[in-house]
Amino acid sequence: AQSVTQLDSHVSVSEGTPVLLRCNYSSSYSPSLFWYVQHPNKGLQLLLKYTSAATLVKGINGFEAEFKKSETSFHLTKPSAHMSDAAEYFCVVSEGQGFSFIFGKGTRLLVKP
Amino acid sequence: DSGVTQTPKHLITATGQRVTLRCSPRSGDLSVYWYQQSLDQGLQFLIQYYNGEERAKGNILERFSAQQFPDLHSELNLSSLELGDSALYFCASSAIAGGPDTGELFFGEGSRLTVL
């Protein structure tokens, strides 16, 4: 069975400092993993996805994530936070070519000036 | 623009009423998902349809129902509304069957329902 755990419900960083949003997953098969971002009163937008190609995945807006099978982790990082990164981030696992998607509970990122 | 269209964007109604939310998936996507997002429950999966057939069910109340039509658009019907049904309802679609977008969910902007 699949599951996703986002280890922090809230993360606060200063503008210009690195961002780390943590995600652990459980999956019986080779999963596809995604990070989505949701800005206030908006729909969810795909940041990046891992589908068994390169383990280091680059996404939009300078974000990247590394798939670590041994640690069952898919943490999201960005070298330097920008005020516009303030949003909620969801880690998602999928098996079987997208028939089911399991969402984490989300991490709210606050960026301080 | 994700290509997924949801109407209406905002809806205000009274307890006990019934509403219908509509979703047009991305062109060519066969699968439609409905999610409910509220402050206390977070993002909850309600139901999934694939090419007109119900594929998976999540935390959907019996007062709620959905269907996917032959043109692949979907409707979510919410009846006997309660204050607690106030939430943002998202529709998402995915291709599933091959191509670079396979397995990726595309979300609409959501329908915000307020029950007074």
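My aim in this report is to walk through the structure given alongside it, one point at a time. (Residues numbered from 1 in each chain as written. Chains lettered and ligands numbered in written order. Predicted model: local features only at pLDDT ≥ 70, side-chain atom pairs only at ≥ 80, totals over all residues. Heavy atoms only, no water.)

1. Description of the interface of chain A and chain B
The condition that has to hold: Contact definition: two residues touch when any of their heavy atoms are within 4.5 Å. Two parts lose some accessible area (1.4 Å probe) when they are put together, and adding that loss for both gives the buried area. By definition, a salt bridge exists where a carboxyl oxygen of Asp or Glu is found within 4 Å of a side-chain nitrogen of Lys or Arg. As used in this structure description, the phrase polar contact means that two N or O atoms lie within 3.5 Å; if the pair is within protein, one of them must be able to donate a hydrogen and the other to accept it, and residues adjacent in sequence are counted only when both atoms belong to side chains.
Opposite the 15 residues of chain A that make contact, chain B presents 21 residues. Summed over both sides, the interface between chain A and chain B buries roughly 1,600 Å², with carbon and sulfur atoms accounting for 54% of that surface. In this structure, the connection of chain A to chain B is made through two salt bridges. Between A:Lys42 and B:Glu109 there is a salt bridge whose closest N-O contact spans 4.0 Å. Linking chain A to chain B there are four residue pairs in polar contact (both at pLDDT 80 or more).

2. Side note on the nonpolar core
The line we're drawing: Here the nonpolar core consists of buried residues drawn from Ala, Val, Leu, Ile, Met, Phe, Trp, Tyr and Cys, with membership extended through side-chain atoms lying within 4.5 Å. Each residue's exposure class comes from its accessible area (1.4 Å probe, protein chains only) as a fraction of the maximum for that residue type: buried when under 20%, exposed when over 50%, partly exposed otherwise. Labels follow the DSSP assignment, with helices taken as runs of H or I lasting at least four residues and strands as runs of E lasting at least two, numbered in each case from the N terminus.
Counting 26 residues, the largest nonpolar core has A:Trp35, A:Leu48, A:Phe74, A:Leu76 and A:Tyr89 as its most contacted members. Examining the composition of this core, we find that four residues originate from one element, strand S10 (residues 87–95) of chain A, more than from any other. By size, the runner-up hydrophobic cluster in this structure holds 21 residues, among which are B:Ile47, B:Ala66, B:Leu78 and B:Leu113.

3. What about the sheet that holds strand S1 (residues 5–7) of chain B?
All names here are of chain B. What counts, and what does not: DSSP bridges decide pairing: two strands pair if at least two such bridges lie between them. Only C-alpha atoms enter the line fits that serve as axes; for helices the fit covers just the stretch in contact. Angles between N-to-C directions range over 0 to 180 degrees.
Taken together, the four strands give an open sheet; going across it, the order is S1-S3-S8-S7, and neighbouring strands pair in antiparallel fashion. Unpaired on one side and paired on the other, S1 and strand S7 (64–68) mark the two borders of the sheet. Strand-to-strand twist in this sheet, taken as the mean axis angle between neighbours without regard to direction, amounts to 15°. Sheet analysis places S7 next to strand S8 (residues 74–78), joined by five bridges and oriented antiparallel. Paired with Ser-65 across the bridge in S8 is Asn-77.

4. A few points about the pattern of salt bridges
All names here are of chain B. Within the structure shown, the criterion is met by nine salt bridges over all chains. One salt bridge connects Glu-82 with Arg-63, and the closest N-O pair in it is separated by 3.7 Å. Of the two residues, Glu-82 is situated in the loop between S8 and strand S9 (87–94) and Arg-63 in the loop between strand S6 (53–57) and S7; the sequence distance between them amounts to 19 residues. A relative accessible area of 43% places Glu-82 in the partly exposed class. Taken together, the shared-partner salt bridges in this structure form one network comprising Arg-63, Glu-82 and Asp-85.

5. Describing unusual backbone geometry
All names here are of chain B. Note the cis peptide between Thr-7 and Pro-8, where omega equals -10°. Looking at where Pro-8 falls in the secondary structure, it is placed in the loop between S1 and strand S2 (10–13). Of note in the backbone geometry, Asn-51 takes a positive phi value of approximately 50° without being a glycine. In this fold, Asn-51 is placed in the loop between strand S5 (42–50) and S6. The partly exposed category is assigned to Asn-51, whose relative accessible area is 46%. We note that Ser-80 has phi near 45°; this positive angle belongs to a residue other than glycine. Mapped onto the elements of the fold, Ser-80 is located in the loop between S8 and S9. By relative accessible area, which is 42% here, Ser-80 ends up partly exposed.

6. Overview of the pairing of strand S4 (residues 23–26) of chain A
If a strand is regular, its side chains alternate between the two faces of the sheet. Residues and elements named next belong to chain A. Residues Cys-23 and Tyr-25 line the buried face of S4, whereas the alternating positions Asn-24 and Ser-26 sit on a face that is not buried. Bridge analysis of strand S1 (residues 3–6) against S4 gives four bridges, and the strand direction is antiparallel. Paired with Thr-5 across the two strands is Asn-24, which belongs to S4.

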